[in-house]
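Spelled out from the first residue to the last, the chains are:
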Amino acid sequence: MELRLSRAAAAFRNEGTVELMMRAQQLEREGRSIVHLEIGEPDFDTPAYITAAAKTALDEHFTHYAPVPGLAELREAVAFDAARFRSLPEPYAAENVVIGPGAKPLLWNLFAVLLDPGDEVVFADPAYPAYHAAASYLGAKALTFRLDGAHDWRPDLDELAASITPRTRAIVLNSPHNPTGGVMTADDLAAVAALALRHDILVVSDEIYSRNVYGAPFASIAQVPGMQERTIIIDGFSKAYAMTGWRLGYCIAPKAIVHALTLFANNTYQCVATFTQKAGIAALRGDDSAVIAMGERLRRRRDLIVGGLNALPGVHCALPGGAFYAFPNAAAIEPDDVALSRYLLEEAGVAALGGSSFGPAGAGHLRIAYATSSAELQRALDRVGPALAAYARANVATTKVHSDADTTI
Ligand SMILES: Cc1ncc(COP(=O)(O)O)c(C=O)c1O
């Protein structure tokens, strides 16, 4: 029998992280030692007060279907926490919140309820790959605006303005940003808000790294006057509480959109595991000291890796203001970031993702997830330094052979 997939499913590809991780694991099976800098997840354990709440919930038999949009108690806790954390002028109601199995599926579901084929959505280049994957699966058109590596990965606002058309349904923001670690300034947020208001379009604000900031306190575009009602926030527990495997996220949106997302859930995954939601309630009600402690450790790791990268000849790395990614430019050594990523894995045993996996503007860069121990980061630097120097020497030698050959001809 000839198996035929739908055209949309046939177009699916693995995200770059998965491909690299699979090769890294293969090398490990062959006995190689690999430093993993490819995975976007904190290496910390989920704080004990959160796992304890899940265990209690299991013992108390919270093992049945939950209400489709989430447990009322969790929706209330999210609504309260979200408005307080962002110092928003208006409180959210529980009816503004839908709980989902992670931020990623919620992004997909949100795109599905917002976009018809031919509609347009605008987001950054480079960007988290799910935006492009979801838009193209739905037959929507993705338009991008560049982030500027020379200016801390801030958005090119002229390109953003130029990409808006009458078919634009939403601008997607992600600050702090994956893969660059860039953070939008108050001026950037105000400028995007002005565009959204002028063109009467929604902003989808992916704030999954809202608890991972190292400088000024986190700022959301929902704080800009007039924006709360047209901002859809995507956030969750994965990055803030080291809960990536729990699959727990949420979307805060106008009630009509929450209603559509609830119908979507009812027709697909139904609901999120009940005991997991109980753990989410504990996380939000906790005193945040574990989150703050994780943030301090991440800051030290950031300083270690960025300092180490900038000490390497031919490498330049902006200091990321948030998330847990460094995005060094290594184009002076090798402009083909995929080739460089492969070289570092095969020759140095360091798994770092090529920046072009996140869009053309990521070319010439590597994405380094520094959510691993300082010892591992130091081990990576100790390996990458000599490997890049050898690569650069070999390149110079090849170039010289070529140019000698040119002169003979
Ligand atoms: C920008 C961005 N949004 C959303 C997600 C998805 O997070 P979750 O684990 O909640 O699905 C990620 C995960 O890497 C991310 O980087």
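Residues numbered from 1 in each chain as written. Predicted model: local features only at pLDDT ≥ 70, side-chain atom pairs only at ≥ 80, totals over all residues.

Turning to the overall build of the chain, a few remarks are in order. Helix and strand counts for the chain stand at 13 helices and 13 strands. Its C-alpha atoms give the chain a radius of gyration of 22 Å, within 12% of the compact-globule value 22 Å for 409 residues. Considered along the principal axes of its C-alpha atoms, the chain spans approximately 75 × 60 × 50 Å. Here the chain, with 409 residues, has 45% of them falling under the buried criterion. Nonlocal contacts in the chain, meaning residues at least 24 apart in sequence, comprise 72% of its contacts between residues at least 6 apart. (Helix = DSSP H or I, 4+ residues; strand = E, 2+ residues; numbered from the N terminus. Rg over C-alpha atoms; globule rule 2.2 N^0.38 Å. Buried ≥ 20, exposed ≤ 12 C-beta atoms within 10 Å, placed from the backbone. Contact = placed C-beta atoms within 7 Å.)

This part takes up the sheet that holds strand E5 (residues 154-155). Taken in spatial order, the eight strands of this open sheet run E2-E9-E8-E7-E6-E3-E4-E5, and their pairing is mixed. For this open sheet the edge positions go to strand E2 (97-100) and E5, each flanked by a neighbour on one side alone. For strand E6 (residues 168-174) and strand E7 (residues 202-206), the ladder comprises five bridges, and the chain directions are parallel. Its bridge partner being in E7, Ala170 is matched across the sheet by Leu202. Across the sheet, helix H5 (residues 103-114) is in contact with E2, E6, E7, strand E8 (231-236) and strand E9 (249-252); its angle to E8 comes to roughly 155°. Each of E5, E6 and E7 is contacted by helix H8 (residues 186-199), which is oriented at about 170° to E6, the strand it contacts most. (Pairing = 2+ DSSP bridges. Axes fitted to C-alpha atoms, helices over the stretch in contact; angles between N-to-C directions.)

This paragraph deals with the pairing of E9. Every other side chain in a regular strand lies on the same face of the sheet, so the side chains alternate between the two faces. Because side chains alternate across E9, one face comprises the buried residues Gly249 and Cys251, and the other comprises Tyr250 and Ile252, equally buried. For E8 and E9, the ladder comprises four bridges, and the chain directions are antiparallel. Looking across to E9, one finds that Gly236 is bridged to Gly249.

Let's shift gears to the domain arrangement of the chain. Per the domain assignment, the segments of the chain are domain 1 (7-32 + 290-408) and domain 2 (48-285). Inter-centroid distance (C-alpha atoms) of domain 1 to domain 2 is 28 Å. The partner domain 2 presents 29 residues to the 27 residues of domain 1 that form the contact. Taken together, the elements giving at least two residues each to the side of domain 1 that touches domain 2 come down to helix H11 (289-310) and strand E10 (325-326). (Domains from an automatic or database assignment.)

Attention now goes to the site of the ligand. Residues in close proximity to the ligand total 13 residues, the closest being Gly102, Ala103, Lys104, Asn178 and Ser238. Of the residues assigned to the shell around the ligand, the class counts are three nonpolar, eight polar and two charged. (Near = placed C-beta within 6 Å. Nonpolar A, V, L, I, M, F, W, Y, C, P; charged D, E, K, R; others polar.)

Taking 1.5 Å of rise per residue, twelve residues should cover 16 Å, and H5 covers 16 Å from first to last C-alpha, within 8% of that figure. With nine of its twelve residues buried, H5 lies for the most part within the structure. When H5 is considered as a whole, its buried residues turn out to be Ala103, Lys104, Leu106, Leu107, Trp108, Asn109, Leu110, Phe111 and Leu114. (Expected span 1.5 Å × (residues − 1).)

Strand order across the open sheet formed by three strands is E10-E13-E12, with antiparallel pairing between neighbours. This sheet does not close on itself; its edge strands, each paired only once, are E10 and strand E12 (353-354). Pairing analysis gives two bridges linking E12 to strand E13 (residues 366-369), with the strands arranged antiparallel. Following the sheet pairing, Gly354 is matched in E13 by Leu366.

Core analysis: the largest hydrophobic core is formed by 118 residues, its most contacted members being Val203, Cys251 and Val350. Ranked by the residues each element gives to this core, the list is headed by H5, at seven residues. Each of domain 1 (7-32 + 290-408) and domain 2 (48-285) accounts for three or more of the residues forming this core. (Core = buried A, V, L, I, M, F, W, Y, C linked by C-beta atoms within 7 Å.)

To continue, consider the pairing of E2. Alternating positions in E2 separate into two faces, Val97 and Ile99 on one and Val98 and Gly100 on the other, with burial throughout. Here E2 runs beside E9; their pairing, made up of four bridges, is antiparallel. Within the sheet, the bridge partner assigned to Gly100 lies in E9 and is Gly249.

The first and last C-alpha atoms of helix H3 (residues 48-59) sit 16 Å apart over twelve residues, in line with the 16 Å expected at 1.5 Å per residue. Those residues of H3 not exposed but buried are Ile50, Ala53, Ala54 and Ala57. Projected down its long axis, H3 shows its buried positions confined to an angular sector of 95°, all on one face. Those residues of H3 that are exposed and angled more than 90 degrees off the buried face are Ala48, Ala52, Lys55 and Asp59. Downstream of H3 by one or two residues, His61 has phi in the positive range, about 65°. (Arc of directions from axis to C-beta.)

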